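Spelled out, the chains give:
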Amino acid sequence: MPALAVLGAQWGDEAKGKVAHVLARDAQFSVRFNGGPNAGHTVQDGYGMARMHQVPVGALHPGCVGVLAHGMALDLWALWEELEDLREQGRPEPVLAFSPRVHLILPHHKLREELEGSAQRIGTTRRGVGPCYEDRAARRGLRLADLDDEKGVRNTLERAVAELRVRGYRDELPIEQTVDALLSFRRELGERVGGVRDRLEHALSEGKYVLFEGAQGALLDLDWGTYPYVTSSTTTVHGVGWGAGIRTDRLDRVIGVCKAYTTRVGEGPFPTEDRGPSGRHMRDVGREYGATTGRPRRCGWLDLVALRYACEINGLTELVMSKLDVLTGLSEVWLCDAYRIAGTRQEHFPTRAAELSAAVPVYERLPGWRADLSRKRTGDDLPRPVQRLVSFVEDRVGVPVKTVSVGPGEEQLVALG
Ligand code: IMP
């Protein structure tokens, strides 16, 4: 049985939730290794629509253990709400396992995000994820394991509040209430905390099926993304090693998910953004509004320079192309195959955001199609222009598109030859 990773190959929101949910059907473990409540993975199944933020989507399958590994930034308050929402849908309680090393998002992290202005500057999801990772790197964070030391928890919170006071924050921050809540969460989690890496290593050595669910996308990676307009974790395949403690050579398949167009939420360069009728078509037909914040997503054409880069950085073995049906009805489909920067044609993805902002896309224009794709189930059924689009992408990025998605349902995935 394989070990595989499902990763976003763009700026997040590629429909990884659906893909991971389908792929996790027979998995023994489904692992979240980066990000936290900033992620929004949507799953539509027999119980209804679930918006998952921290619970691995694979854990919706009975028999699959959802692992929240140490690379995440975990908000226990939000997790409790998410579990409650799942219960209200009548779903069985997901079986979860937590790394004791996972860092916790605390109330002061969200306040700091607002005070420091990163929420406005970067257009973050305002979930306190960045400040939590900052505290981790500054060695003043609080991990799940640290909840076993009540005095230490209080000290950490008092220090954080004192620091907020220095920054001019004057409102009351209920330290005792926060300590009580954290200790109660810890009691509730009980035996579910611990042994995560050992269990994963053991499962991998035994050849069991383990799925690693990436959050966000390659272009939001802290190091490889469009810095500083990025998230604060490792969203690429390297995050599997970084955030789950697993050797990435254990992975048999590294699956990148991309849309047939591109979207981005928040600030930052986006060369193929289309503010005209085609972009509006993508937003309206694709219902491109954030699963976490409800913000309208910026929309534009598929950027093959960026996708090629995501394939290289991640060593993707295959691509899943989602939302092809959204492009139905457009007379042409544009694909950006290179940039023109300061008058020079360039096929590689620039390192500096300013350079990317100056990039003018060089487009290849392919014919569109009018046929309804939603009931297509084989590659041969797909209209010629769709087949041509897929071949063009494969040719230019050098990675096979093994599956395309033609609608929101899980049955609307088409495996290609
Ligand atoms: P943060 O992760 O909340 O710090 O936000 C940093 C950047 O990443 C912002 O541009 C967010 O819009 C973006 N971002 C974070 N999580 C997601 C996601 O799951 N999908 C799409 N964009 C995201």
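Residues numbered from 1 in each chain as written. Predicted model: local features only at pLDDT ≥ 70, side-chain atom pairs only at ≥ 80, totals over all residues. Heavy atoms only, no water.

Of regular secondary structure, the chain possesses 13 helices and 19 strands. For 417 residues, the compact-globule formula gives about 22 Å, and the C-alpha radius of gyration of the chain, at 21 Å, lands near that figure. By its C-alpha atoms, the chain is 65 × 50 × 40 Å across when sized along the principal axes. Counted over contacts in the chain with a minimum sequence separation of 6, partners at least 24 positions apart contribute 74%. (Helix = DSSP H or I, 4+ residues; strand = E, 2+ residues; numbered from the N terminus. Rg over C-alpha atoms; globule rule 2.2 N^0.38 Å. Contact = heavy atoms within 4.5 Å.)

The next subject is the site of the ligand. The ligand sits among 16 residues. The nearest are D13, N38, T125, T231 and R295. At 3.0 Å, a side-chain N or O of D13 approaches a nitrogen atom of the ligand. In this structure, an oxygen atom belonging to the ligand sits 3.1 Å away from a side-chain N or O atom of R295. Its residues assigned to classes, the shell around the ligand shows six nonpolar, eight polar and two charged. (Near = heavy atom within 4 Å. Polar contact = N/O pair within 3.5 Å; in protein donor to acceptor, adjacent residues only side chain to side chain. Nonpolar A, V, L, I, M, F, W, Y, C, P; charged D, E, K, R; others polar.)

Looking now at the packing of helix α6 (residues 150-166) against helix α7 (residues 175-189). It is at 10 Å that the axes of α6 and α7 come closest, and there the two elements cross at 140 degrees. Relative to α7, α6 is oriented oblique. The two elements α6 and α7 cross, and the hand of that crossing is right-handed. Facing E150, V153, R154, L157, E158 and V161 of α6, the residues of α7 in contact are I175, E176, T178, V179, L182 and L183. Tallied by class, residues from the contact of α6 with α7 come to seven nonpolar, one polar and four charged. (Axes fitted to C-alpha atoms, helices over the stretch in contact; angles between N-to-C directions. Parallel < 35°, antiparallel > 145°, perpendicular 65-115°, else oblique. Left-handed = near helix turned anticlockwise from the far one by under 90°.)

In this structure, F212, L307, L319, L324 and V393 are the most contacted members of the largest nonpolar core, which totals 60 residues. Mapping this core onto the domain boundaries places at least three of its residues in each of domain 1 (3-99 + 194-253) and domain 3 (259-415). In this structure, L307 is in contact with A9, C258, L302, L319, V393 and V397, ignoring residues within four places of it in sequence. (Core = buried A, V, L, I, M, F, W, Y, C linked by side-chain atoms within 4.5 Å. Buried < 20%, exposed > 50% of the residue type's maximum accessible area, 1.4 Å probe, protein only. Domains from an automatic or database assignment.)

Our next topic: the sheet that holds strand β14 (residues 318-322). The nine strands lie next to each other as β7-β5-β2-β9-β1-β10-β14-β18-β19, forming an open sheet whose pairing is mixed. The strands lining the two open edges of the sheet, one partner per strand, are β7 (96-98) and β19 (413-415). For this sheet, the mean inter-axis angle between neighbouring strands, taken without regard to orientation, is 20 degrees. As paired strands, β14 and strand β18 (residues 401-405) are joined by three bridges and run parallel to one another. By the bridge assignment, L319 is partnered in β18 with V401. (Pairing = 2+ DSSP bridges.)

Across the 11 residues that make up helix α11 (residues 304-314), a large majority, 10, are buried. Among the residues of α11, those classed as buried are L304, V305, A306, L307, R308, Y309, A310, C311, I313 and N314. Two to three positions downstream of the cap, the backbone nitrogen of V305 sits 3.0 Å from a side-chain oxygen, assigning the N-cap of α11 to D303.

The omega angle of the peptide bond from Y227 to P228 is 5 degrees, so this bond is cis rather than trans. Inspection of the secondary structure assignment puts P228 in the loop between β9 (210-217) and α9 (238-244). In this structure, R126 takes a positive phi of about 60 degrees despite not being glycine.

Glancing now at the domain arrangement of the chain. Annotation of the chain at the domain level lists domain 1 (3-99 + 194-253), domain 2 (103-189) and domain 3 (259-415). Here the C-alpha centre of domain 2 lies 23 Å away from the C-alpha centre of domain 1. Around 1800 Å² of area is buried between domain 1 and domain 2 when both sides are counted, 70% of it from carbon and sulfur atoms. Sorting the residues of domain 1 by area buried against domain 2 places L76, W77 and W80 first, and these three jointly supply 34% of that buried surface. Counting every contact that joins domain 1 to domain 2 gives one salt bridge. Between K110 and D75 there is a salt bridge; the shortest N-O distance is 3.2 Å. (Buried area = accessible area lost by both parts, 1.4 Å probe. Salt bridge = Lys/Arg side-chain N within 4 Å of Asp/Glu carboxyl O.)

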